[in-house]
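Each chain, written out:
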Amino acid sequence: MPRPMPQHGPPVITAIVGPYAVGKTSLIQAFAMPGIGASRFTSPTIGAAVANHLFPLPESAASVGGSGSGMGCHTIWDTAGQERYASLVPMYTRNCDILIVAVPATEDPDPETVRRLLVAALPPIRSPKVIKGVLTKCDLVTPATALKRRLLLEEIITE
């Protein structure tokens, strides 16, 4: 279990869901370790993994949080995409502020797959404040194709 990071300001909790081998772990690595970036090879996530990232808060947010430190803590839950771990997903998404649905840019987003991911991830108790879709593997398609598929994903999520 990872060592908890000290809370410097208001915590932000994000969970990322998506099919197996879509690039969720690589996406998180690229965000949480910007100087290092994502590893070319990653192992499949078993259950879930967590990454913590400290970020500077804007002056106004630091004063609202009352900590005065000017830093916030972003916790990112990386859920496993294998079907056998699907029942664990709500455990990691139930307290999240942001839910990210990741799908590959190499194919049109399947509305049924995206809806199934959302139904499995959205807890009945407290829904996330923000739900966003992201495309992974955009380097494998043209920018025009990625844009078309991004708009299609956004349309599916907002239905």
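Scroll up for the structure.
Reading the values: rules and limits
- Residues numbered from 1 in each chain as written.
- Predicted model: local features only at pLDDT ≥ 70, side-chain atom pairs only at ≥ 80, totals over all residues.
- Heavy atoms only, no water.
- Helix = DSSP H or I, 4+ residues; strand = E, 2+ residues; numbered from the N terminus.
- Contact = heavy atoms within 4.5 Å.
- Areas by Shrake-Rupley, 256 points an atom, 1.4 Å probe, with all protein chains shown as cover.
- Salt bridge = Lys/Arg side-chain N within 4 Å of Asp/Glu carboxyl O.
- Buried < 20%, exposed > 50% of the residue type's maximum accessible area, 1.4 Å probe, protein only.
- Core = buried A, V, L, I, M, F, W, Y, C linked by side-chain atoms within 4.5 Å.

A. Structural view of the overall build of the protein. The helix and strand inventory of the protein stands at five helices and five strands. For the protein, the N- to C-terminal ordering of α and β elements is β-α-β-α-β-α-β-α-β-α. In the protein, once contacts between residues fewer than 6 apart in sequence are set aside, the share between residues at least 24 apart is 73%. Total accessible area on the protein is roughly 9400 Å²; 61% of this is exposed by carbon and sulfur atoms.

B. Geometry of the side chain of Arg149. With respect to the helices and strands, Arg149 occurs in helix H5 (residues 143-158). Not counting residues within four places of it along the chain, the set of residues in contact with Arg149 comprises Ala105, Thr106, Glu107, Asp108, Pro109, Leu135 and Val141.

C. Layout of the pattern of salt bridges. According to the stated counting rule, one finds six salt bridges in the structure shown. For Asp108, the salt bridge is made with Lys148, and the minimal N-O distance between the two is 3.5 Å. Placement of Asp108 in the loop between strand E4 (98-104) and helix H4 (111-121) and of Lys148 in helix H5 is noted, with a sequence separation of 40 residues between them. Lys148 sits in the partly exposed class, given a relative accessible area of 47%. Across the pair Arg150 and Glu154 runs a salt bridge, and its minimum N-O distance is 3.5 Å. Of this pair, Arg150 and Glu154 both sit in helix H5, four residues apart, which is roughly one turn of the helix. Among the residues examined, Glu154 registers a relative accessible area of 37% and is labelled partly exposed. Taken together, the salt bridges that share partners define one network made up of Asp108, Lys148 and Arg149.

D. Highlighting the nonpolar core. Residues Val17, Leu99, Val101 and Val114 are the most contacted members of the largest nonpolar core, which totals 16 residues. Elements with a contribution of two residues or more to this core: strand E1 (11-17), E4, H4 and H5. Broken down by element, this core gets its largest block of residues, four residues, from H4. If we ignore the near neighbours within four places in the chain, the residues touching Leu99 are Ala15, Val17, Thr93, Leu118, Ala121, Leu122, Pro128, Val130, Ile131 and Lys132. Listed in part, the seven residues of the second largest apolar core include Ile16, Ile28, Ala51 and Ile76.

Function cannot be read off these values alone, since they describe shape.
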